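# Descriptive analysis of the structure
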Amino acid sequence: MTPMVVIYHSGFGHTEQIAHCITAGANRVADVQAQAMSVSDIDWAVLSAAEAIIFGAPVYMGSVSASFKQFMDDSSRTWFAQGWQDKIAAGFVNSGALSGDKQVALQQLQTFAGQHGMVWINFALQPTGTGADDLNRLGSYSGLMTQADNEAPEHTPPKGDRATAEAFGQHIAERTQRWQRGAA
Ligand SMILES: Cc1cc2nc3c(=O)[nH]c(=O)nc-3n(C[C@H](O)[C@H](O)[C@H](O)COP(=O)(O)O)c2cc1C
């Protein structure tokens with residue numbers, strides 16, 4: 001069994017849509033049990049039991065949102081005992097602008113995983129183009145990037161970003177199982 005958690009903050013529902021796409025993609029892999037978890041409803045025991053934790057936040061003012069940062073700070077209790085050491089980690093960020101300084105937020109997540117002694121997984125998916133239906137249209141490799149227009153989360157981020165998120169979830173799940181097999 002490979003339990004995984006996609007933990008995220010979403011102020012207006014866009015990042016939440018992507019969290020659910022990642023979870024669905026991870027659950028395509030046999031023996032994976034992935035669940036999405038909002039930082040407004042954290043179950044620390046479930047996080048502790050996970051083989052992989054995928055962190056996700058919207059970009060607010062060039063940074064992960066304050067609510068996600070609060071979760072990061074609260075995790076210092078786990079950090080003291082290095083309770084997440086050697087778990088698989090990955091990250092995703094969603095913003096309004098095409099750039100929106102997403103790389104800064106993604107690097108915050110990567111550094112955060114490093115502080116916990118986790119094993120960061122990158123995302124090797126070659127972009128198929130830069131249109132709304134394309135895979136990895138924003139060309140991000142160190143994690144997943146998505147972009148939402150100023151519309152309801154049912155309509156944006158676009159179809160390509162959602163498909164990319166599913167592929168990302170599957171990619172992380174497969175690497176997690178590879179890591180598990182190596183440890184056996
Ligand atoms: C307080 C605030 C700050 C924001 N700062 C940025 C920013 O720095 N760059 C950007 O591209 N978008 C920025 N946005 C837009 C959000 O990233 C965008 O609307 C995103 O889809 C929100 O995701 P959510 O619905 O999951 O909260 C900001 C939005 C808010 C509310």
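Let us look at the structure shown here. (Residues numbered from 1 in each chain as written. Predicted model: local features only at pLDDT ≥ 70, side-chain atom pairs only at ≥ 80, totals over all residues. Heavy atoms only, no water.)

Nonpolar side chains collect at one region of the surface, where F12, Y60 and M61 lie side by side and expose about 420 Å² of accessible area between them. Mapped onto the elements, F12 comes out in the loop between β1 (2-8) and α1 (14-26). (Patch = residues over 30% accessible without salt bridge, like charges linked within 9 Å, V, L, I, M, F, W, Y side chains within 5 Å. Areas by Shrake-Rupley, 256 points an atom, 1.4 Å probe, with all protein chains shown as cover. Salt bridge = Lys/Arg side-chain N within 4 Å of Asp/Glu carboxyl O. Helix = DSSP H or I, 4+ residues; strand = E, 2+ residues; numbered from the N terminus.)

Note on placement: T2 falls in strand β1. C-alpha of T2 to C-alpha of T176: the two residues are 174 residues apart in sequence and 7.7 Å apart in space. Those residues in contact with T2, other than ones at most four positions away along the chain, are D31, V32, Q33, E51, T176, Q177 and Q180. A distance of 2.6 Å separates polar atoms of two side chains, one belonging to T2 and the other to Q180. (Contact = heavy atoms within 4.5 Å. Polar contact = N/O pair within 3.5 Å; in protein donor to acceptor, adjacent residues only side chain to side chain.)

Another aspect to go through is the packing of aromatic side chains. Applying the stated criterion to the full structure yields twelve aromatic pairs. For the ring pair W79 and F80, a centre distance of 5.2 Å and an interplane angle of 65° mean the geometry is edge-to-face. One aromatic cluster is present, built from ring pairs that chain together W44, F55, F68, F71, W84 and F112. (Phe/Tyr/Trp six-rings, centres within 6.5 Å; stacked < 30°, edge-to-face > 60°.)

Turning to helix α3 (residues 66-74), a few remarks are in order. Every buried residue of α3 is accounted for by F68, F71 and M72. All buried residues of α3 fall inside an arc of 100° around its axis, so they share one side. Residues of α3 that are buried sit in contact with β1, α2 (44-49), β3 (52-60), β4 (63-64), α4 (76-80) and α5 (102-115). (Buried < 20%, exposed > 50% of the residue type's maximum accessible area, 1.4 Å probe, protein only. Arc of directions from axis to C-beta.)

Let's shift gears to the pairing of β3. Summarising burial for β3: eight of the nine residues are buried, a large majority. By the bridge criterion, five bridges tie β1 to β3 in an arrangement that is parallel. Of the residues in β3, the one forming a bridge with V6 is I54. Alignment of β3 against strand β5 (residues 88-95), held across seven bridges, turns out to be parallel. Among the inter-strand pairings, F55 is bridged to a residue of β5, identified as G91. Taken together, the two bridges between β3 and β4 define a ladder with antiparallel strand orientation. (Pairing = 2+ DSSP bridges.)

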